[in-house]
2 protein chains.
Amino acid sequence: MSGTFAFSRRDMLRAGAAGSAVIGTAALSPLARARMMPQDMDRAAFANAVRELKAVVGDEWVFADEASTVSYRKSFIPDLRGEHIPSGAVAPKSVEEVQAILRIANTYGLPMWPVSTGHNMGYGMATPASSGQMILDLKRMNRILDFDAELGTILVEPGVTYQQIHDYIEENDLPFWIDVPTVGPIVSMVGNTLERGVGYTPYGDHFFMQCGMEVCLADGSILKTGMGSIEKGNTWQAFKWGYGPYLDGLFTQSNFGVVTKLGMWLMPRPPVYKPFVARSANVEDVAAITDVIRPFRMNNLIPNGVLIMGALYQLAMFRRRSDIWQQAQPIPADVLKAEAKRNGLGMWNTYFALYGTEEIIAATEPILRAAFEGAGAEVLTDAEMNGNPWFEHHKTLMRGGMTLEEIGLVRWWGRNGGAVAFAPVAPAKGSETRGQTELATRIMNKWGFDYAPAYAVGGRELHHIIFLMFDKGDETSSANAEKCMDEMIREFGARGWAAYRSSVSTMDLVAQQYGQTNRDVNARIKQALDPNHIIAPGKQGIA
Amino acid sequence: MSGTFAFSRRDMLRAGAAGSAVIGTAALSPLARARMMPQDMDRAAFANAVRELKAVVGDEWVFADEASTVSYRKSFIPDLRGEHIPSGAVAPKSVEEVQAILRIANTYGLPMWPVSTGHNMGYGMATPASSGQMILDLKRMNRILDFDAELGTILVEPGVTYQQIHDYIEENDLPFWIDVPTVGPIVSMVGNTLERGVGYTPYGDHFFMQCGMEVCLADGSILKTGMGSIEKGNTWQAFKWGYGPYLDGLFTQSNFGVVTKLGMWLMPRPPVYKPFVARSANVEDVAAITDVIRPFRMNNLIPNGVLIMGALYQLAMFRRRSDIWQQAQPIPADVLKAEAKRNGLGMWNTYFALYGTEEIIAATEPILRAAFEGAGAEVLTDAEMNGNPWFEHHKTLMRGGMTLEEIGLVRWWGRNGGAVAFAPVAPAKGSETRGQTELATRIMNKWGFDYAPAYAVGGRELHHIIFLMFDKGDETSSANAEKCMDEMIREFGARGWAAYRSSVSTMDLVAQQYGQTNRDVNARIKQALDPNHIIAPGKQGIA
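Just so it is clear, the model here is predicted, and its values are computed rather than measured.

## What to know about the pairing of strand β14 (residues 348–356) of chain B
Residues and elements named next belong to chain B.
Working step 1: Of all nine residues in β14, nine are buried; the element is thus mostly enclosed.
Working step 2: Alternating positions in β14 separate into two faces, Trp-348, Thr-350, Phe-352, Leu-354 and Gly-356 on one and Asn-349, Tyr-351, Ala-353 and Tyr-355 on the other, with burial throughout.
Working step 3: The sheet contact formed by strand β12 (residues 272–280) and β14 spans nine bridges and is antiparallel. Pairing of Tyr-273 across the sheet is with Tyr-355, part of β14.
Working step 4: Of the strand pairs in this sheet, strand β13 (residues 306–310) and β14 are connected by four bridges, and their pairing is antiparallel. Among the inter-strand pairings, Leu-307 is bridged to a residue of β14, identified as Tyr-351.

Next up, the structure:
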């Protein structure tokens, strides 16, 4: 990272030599370095800042020693040069405490990296874009503030998990579903939505379904977007756009403010829910399947976020690599195909669902079946697949259910969980999925990795979620993972395929692909809203 | 208007006394004042600016004398104090010319008010928020730049009308519909979308369906939002959000840049289309009807933008007031009801449609019928209503068809077209429509106007489109229209109901209701992107 607060190796050595609070030196493994202070900040200033932070949130909610900081530096992504190591963490309980923390951050030039629950799994968990930033951990702000049972809208704080919302709905017997991302139970709805994550139901594009925000700006002022600042208003979670420039988008994938409340729409629970899987036997079938899905997503006959799951991504949920293949080189296609078949899976498994009444579903299903079968897929339902763990997994997700099963992916190579996601977007066309699958397979195999893909098909676009699984306990595997990720980003980018999101380790590289004018505009807005650059410098490449 | 460039009466007199190019004095009717120069700009500087502009676009595309400026100051809104009179207009043909114009604008401090085609009917047409601004008329930039027939996406310039897109689709026999706003044929798709207008099909929330922009910033730099600046990319119109902060929203209802290209999604033409009207006999039925519609919009059984059309709004399309009622006081409810009935209309007429196959529609229709009938409405289709001009009008709109019939509204009081819209938003709940209808009726009747309402029901919210029709040829009627609009905005605002959009005459008043922090944030972004404030000062209350 070349961000303002990035630490060079020389800086780290100098800090060590000066006897600062920074733990670890070049002699230790990078992973042993528990903390790093912000660049240009001396030990005394940091200690003063910590003292002031403790006065705001209480001693027990500031983490600034080695032991208490360990959990905040844990991630699955490769970080051989120790570029994503926080200086500590502070966990406020209220918006007022967030304001006070930002005031201190401005005073001391101590950058704050906000996280909601810090489970940004494939993208760096809670770790910052550059070492030395302090984690602004919002997990204690975990209230469900409003739930309108007529409108199916919710207003929550950042620490609220999908599990908490799910439980709230169940306990109050409300006729709604919440759309969840992967590993939803432990993930923050606010965090996922701000990263523009996607899910599995008709409400799968989370930012699309978001309505209203409260944002604490760097100077402590409180912005309520949309209809939120109308006195006596009750339209904040009903109408997205408000009046004048629509500002919510500014605070997604950004460092322009700290989002402290967020509204979301919930899907009405349908009378009948019917999940399907379309099973395709061959790798090259992905093109035909994509072309089948696109028109149905456009005309809404398939209303939900469709997942085309590659066999390897599927198997990795419940299997370790060594169960299937004991050699170092990537798993050959025939081995993968046979293992998939043994488990009731195809090389691609396309999950979609219908929601409505028996009559409406009966009128729709034959149209979909005919199209998928025309593309050579078998269309299967509960009748054939009930009990198959992969079918059950997606059946749960497509009705907004809770599952942590995809955490299994990080154990693919064993206990030293290593995984990082690359997620290029493209138009939902068969030529695109064919080309992306070929390119990703080639690059990943070159670096010794198995290609584990999922395509999430939205209205007209697809997110290709490539989960690069590696052995984080092995330096060579980690180094290769970094090189492979770098090559994939560059090679995909050269073909016009850029990522919609990025791990903290590649935010700047991806930002370059979106052009200098975008960077300049973001820099001007950053300067206008956070002139001391104390909120998450380096996030999405914005200093 | 208290905007930077507003002209006081004293300024106007002074300008006249100094023999400047400003036409008209306090002695003339305000409508006779064809032009006003920007505040603090002398005649020589203006003449130099005009000369430079002519060198960019050619003499024939700069309008800076009385005769050629007349069309640009025409609007239907009241403007007794001459607060919305442009100094002239300039019509570029290309993005490069827009860049050159903005350079000149910065040099001379000559503010530019961008319009696409200038048909912002209820909100001031092409006229600026404050007098003296020059109209940046983008009508000559009228190319359809791209049409992806697989994805159903389009990329157009600001001068492209809905009619032009409609014709393009017809001529190329493309299986798509474009969603149109009122008086779509003459309206710009870019302009309507940037004002966040709404329409009648399932794609009725235009900004929701917008995908990708090109924006010329005040300093001439060209920003392509979303996926637009990926080299070799083909995802610009497929994926809305891009990477990093989502910026498109900044350029809607704003003055942060000049949008020169805009992408939009088109609705796939369904095999079967079936329009309905639910006819309600009584004014108070609006509450029950709203509560019927909301769950169907939320669960998408009614997929389109539903209009609950008040009898008076409907009648005004094809009737003049004097056809129905010859007295000055507002039309009594019983007279209105009788006239509506004579024309096959209820006091509320709710238009919705189904799109799909015969089987899917057959499975859905009974559910909707039962619910509307349960709320006391008659549910009617082509079988009963074919040929009824109001049904035919909405039948056309709900399939993205072209009609100019709503222009009739401005002739309600005779030939001197006078009309201004007030559009508060609210949650889609019966209690809200009941309360808003009561309040609007009371205030409008107090000022001698007939209440002409339409409720556009989106997913969870409604836009209450109140069309205030007055006699622009009568000073008292114009003055009362201004006072009525002011009172409505304030009284609705006091109850938490604020407008989603505003005529140029009330932009600042509405902005106040959205709070000081919003204004401050907008001001900071404005300063960062347009430090000389040369783009549309005063728009949505942003100086």
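## Description of the side chain of Lys-261 of chain B
All names here are of chain B.
Working step 1: Relative to the helices and strands, Lys-261 is located in strand β10 (residues 258–265).
Working step 2: The class of Lys-261 is buried, set by a relative accessible area of 13%.
Working step 3: At a separation of 2.9 Å, a polar atom in the side chain of Lys-261 contacts the side chain of Glu-214.
Working step 4: Discounting residues that sit within four places of it in the chain, Lys-261 has contacts with Val-95, Leu-145, Leu-155, Val-156, Gly-212, Met-213, Glu-214 and Trp-236.

## Points about the sheet that holds strand β1 (residues 62–63) of chain B
All names here are of chain B.
Working step 1: Pairing is mixed in the open sheet, where four strands are placed in the order β1-β2-β4-β3. Each edge of the open sheet is held by one strand with a lone partner, namely β1 and β3 (112–115).
Working step 2: In the sheet, β3 pairs with strand β4 (residues 134–137) via four bridges, with the strands oriented parallel. Its bridge partner lying in β4, Val-115 is registered against Asp-137.

## Let's talk about helix α5 (residues 162–171) of chain A
Residues and elements named next belong to chain A.
Working step 1: Along α5, the residues that are buried comprise Tyr-162, Ile-165, His-166 and Ile-169. What you see down the axis of α5 is that its buried residues fit within an arc of 100 degrees, all on one side.
Working step 2: Against the buried residues of α5 lie β5 (144–148), β6 (153–156), β7 (176–177) and α6 (189–194).
Working step 3: Once α5 finishes, Asp-173 follows within two positions and takes phi at roughly 50 degrees, a positive value.

## Description of the environment of Met-444 of chain A
Residue and element names in this part refer to chain A.
Working step 1: Inspection of the secondary structure assignment puts Met-444 in helix α14 (residues 430–446).
Working step 2: Residue Met-444 is classed as buried on the basis of its relative accessible area, which comes to 0%.
Working step 3: The spacing of Met-444 and Asn-386 is 58 residues in sequence and 34 Å in space, taken between C-alpha atoms.
Working step 4: Not counting residues within four places of it along the chain, the set of residues in contact with Met-444 comprises Phe-449, Asp-450, Tyr-451, Ile-466, Phe-467, Leu-468, Cys-484 and Met-488.

Conventions we followed
- Counting of residues starts from 1 at the beginning of each chain's written sequence and follows it residue by residue.
- Each chain gets a letter, beginning with A, and each ligand a number, beginning with 1, in the order they are written.
- A pLDDT threshold of at least 70 governs which residues receive local features in this predicted model, and a stricter bar of 80 or more applies before side-chain atom pairs are shown or counted, although totals over entire chains, interfaces and linings include all residues.
- Only hydrogens and water are removed before side-chain values are computed, so all heavy atoms of the structure are retained for them.
- Burial status follows relative accessibility: with a 1.4 Å probe on protein chains alone, a residue under 20% of its type maximum counts as buried, one over 50% as exposed, and anything between as partly exposed.
- Note on conventions: DSSP H or I runs of at least 4 residues are helices, E runs of at least 2 residues are strands, and numbering of each starts at the N terminus.
- Only strands joined by at least two bridges in the DSSP assignment are considered to pair.
- Any pair of nitrogen or oxygen atoms within 3.5 Å is treated as a polar contact; in protein, a donor-acceptor pairing is required on top of that, and neighbouring residues in sequence qualify only through side-chain atoms on both sides.
- We call two residues in contact when some of their heavy atoms are within 4.5 Å.
- As used here, the arc is the angular range of directions from the helix axis to the C-beta atoms.

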